[in-house]
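# Breakdown of the fold
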Amino acid sequence: MTYVEIIAAVRKIVEQPSSALEAPVVFACPDGTGLAELIAEVSPWAGRPRNLAMGGFTDPSLIESTGLPLVEQFGGELQEMRGWAYRAHWIGCGCMAGPEGTRSIVVVTDRKDPGVTGFPEGASWVDKLCLLVGWESTSRTVVDWKVTEEALGTRLPSDYKEIVDVFGSGSFDEYLDLPAPGALGRNLIGWAASDAVYAVDVWDPYTAYPAPGGLLRWGGSEQEVTFVWQTGAPDPDDWPVLVESDFGDWERFDCGTGEFIVRMLTDVQFGFPTRRTPLHYFTPSDA
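When helices and strands are tallied, the protein chain shows nine helices and 13 strands. With the C-alpha coordinates aligned to their principal axes, the bounding extent of the protein chain is approximately 70 × 35 × 35 Å. The buried share of the protein chain, reckoned over its 287 residues, is 49%. Intrachain contacts of the protein chain at a sequence separation of at least 6 include 54% that bridge at least 24 residues. Total accessible area on the protein chain is roughly 13,900 Å²; 51% of this is exposed by carbon and sulfur atoms. Positive and negative side-chain charges of the protein chain, numbering 20 and 42 respectively, have mean locations separated by a distance of 1 Å.

According to the stated counting rule, one finds 23 aromatic pairs in the structure shown. Pairing F167 with F282 gives two aromatic rings, centres 4.9 Å apart and planes at 65°, and the pair type is edge-to-face. Of this pair, F167 sits in helix α7 (residues 158-167) while F282 sits in strand β13 (residues 282-284), placing them 115 residues apart in sequence. Neither F167 nor F282 differs from the other in exposure class; each is buried.

Looking at the element boundaries, F74 is found in the loop between α3 (68-71) and β4 (78-86). Sequence separation between F74 and W125 is 51 residues, and the spatial gap between their C-alpha atoms is 33 Å. Residues contacting F74, with those up to four places away along its chain left out, are V26, M81, M96, I105 and V107.

A few words on the side chain of R111. Along the chain, R111 turns up in the loop between β6 (101-110) and α4 (114-117). Taking relative accessible area as the criterion, R111 reaches 6% and is therefore assigned buried. Excluding its chain neighbours within four sequence positions, the residues that come into contact with R111 are A85, Y86, R87, A88, H89, W90, L131, L132, V133, G134, L279 and H280.

What follows deals with the layout of surface pockets. By volume, the largest pocket amounts to about 440 Å³. Around the largest pocket, the lining comprises 24 residues; the ones closest to its centre are W45, A46, G47, F282 and P284. Residue contributions to the lining of the largest pocket peak at four residues, all from helix α2 (residues 35-46). Classifying every residue of the lining of the largest pocket gives 12 nonpolar, four polar and eight charged.

The subject of this paragraph is the pattern of salt bridges. Tallied over the entire structure, the rule returns 10 salt bridges. In this structure, R11 engages E15 in a salt bridge whose closest nitrogen and oxygen atoms are separated by 3.1 Å. Look at R11 and you get partly exposed, because its relative accessible area is 34%. Look at E15 and you get partly exposed, because its relative accessible area is 35%. In this structure, E149 engages K161 in a salt bridge whose closest nitrogen and oxygen atoms are separated by 2.9 Å. Of this pair, E149 sits in helix α6 (residues 145-152) while K161 sits in helix α7; the two residues are 12 residues apart in sequence, bridging distant segments of the chain.

Soluble, globular proteins show a tendency: their nonpolar side chains are buried together. Judged by nonpolar contacts, the single largest core of 42 residues is most densely connected at F167, F172, W218, F227, F260, I261 and F272. Setting aside residues no more than four positions away along its own chain, F172 makes contact with L129, V133, F167, L178, I261, L265, Y281 and F282. Membership of the second largest hydrophobic core comes to 20 residues, among which are F27, C29, A46 and Y86.

Strand order in the open sheet made by the six strands is β1-β6-β5-β4-β2-β3, with antiparallel pairing throughout. With partners counted over all chains shown, the strands left at the sheet margins are β1 (25-28) and β3 (57-58), one partner each. Relative to β6, β1 is paired through four bridges, and the arrangement is antiparallel. Along β6, the bridge assignment pairs F27 with V106. Its contacts with the sheet place α2 against β4, β5 (89-98) and β6, and it is angled at close to 10° to β4.

A few words on unusual backbone geometry. Note the cis peptide between D204 and P205, where omega equals 5°. Looking along the chain, the bond that leaves Y209 and enters P210 is cis, with omega of 20°. Within the secondary structure, P210 is located in the loop between α8 (188-198) and β9 (215-220). For D173, which is not a glycine, the phi torsion comes out positive at approximately 55°. Mapped onto the secondary structure, D173 falls in the loop between β7 (170-172) and β8 (176-178).

With that settled, the discussion passes to helix α5 (residues 125-133). With seven of its nine residues buried, α5 lies for the most part within the structure. All buried positions along α5 are accounted for by V126, K128, L129, C130, L131, L132 and V133. Directly after α5, the chain includes G134, whose backbone phi takes a positive value near 70°.

Calculation rules
Residues numbered from 1 in each chain as written. Predicted model: local features only at pLDDT ≥ 70, side-chain atom pairs only at ≥ 80, totals over all residues. Heavy atoms only, no water. Helix = DSSP H or I, 4+ residues; strand = E, 2+ residues; numbered from the N terminus. Buried < 20%, exposed > 50% of the residue type's maximum accessible area, 1.4 Å probe, protein only. Contact = heavy atoms within 4.5 Å. Areas by Shrake-Rupley, 256 points an atom, 1.4 Å probe, with all protein chains shown as cover. Lys, Arg positive; Asp, Glu negative; His and termini not counted. Charge placed at Lys NZ, Arg CZ, Asp CG, Glu CD. Phe/Tyr/Trp six-rings, centres within 6.5 Å; stacked < 30°, edge-to-face > 60°. 1 Å grid on protein atoms, 1.4 Å probe; cavity = no way out; pocket = protein on both sides within 12 Å on 5 of 7 lines; lining within 4 Å. Points joined across faces, edges and corners; volume = space filled by probe spheres on them. Nonpolar A, V, L, I, M, F, W, Y, C, P; charged D, E, K, R; others polar. Salt bridge = Lys/Arg side-chain N within 4 Å of Asp/Glu carboxyl O. Core = buried A, V, L, I, M, F, W, Y, C linked by side-chain atoms within 4.5 Å. Pairing = 2+ DSSP bridges. Axes fitted to C-alpha atoms, helices over the stretch in contact; angles between N-to-C directions.

The structure is reproduced here in structure tokens:
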């Protein structure tokens, strides 16, 4: 198999709805295959990789939820490894030292749900969200929040701003669409301006921001579910989350945006369909 065919086989494995592996699958790449070529094949659909091993040294801080299953089987032979958390699997591209020299490999193994196995002590809600969806927390979006908040006429919840700074605009589990200021088709400022005109008589018994205590939309769904903050509290971090179903019913959640999204993905009591997903993922709007 060529390295392109190997990556295609890997993608077929990881995109099957239920494809639990009895053991890690290791593909040996043809001679001459470089790590950069493998990364270039995987990154466009799996996102940014994380560094698991470099220069013959494996990251000693790795744990189950950050990529340890990809490297623990190779010991001192592993020279380089880049890893991706992709839905219910880990994908690794690396180089191993052997009697005949260094050879590139591709590894696939199962990924356990951090929502079940537990989060690191002291993890913030945004940290937990990154672990849940296998997202690298390096900032990908530059938002001028001062300009944004001036345009809206209000400060915004700090955890929402942190989530946007880390993830950008996109979709969680292809269910919750997250807007960001300036994002094409998901512009938070544009949504607010539109809702101020067209949602005034729709969100009964509530009204739209900028009316006092009005609703400010921060998420949507193709399932016609609307996610809003109820403004009014002086500190935006105290704004509750309200959700309108496709039947026009409202449900209130007294928590921040980060906690809401984590619990929407994992908490059976919250009652969202995403809780039935074996493992969770984030799809950037520009993917």
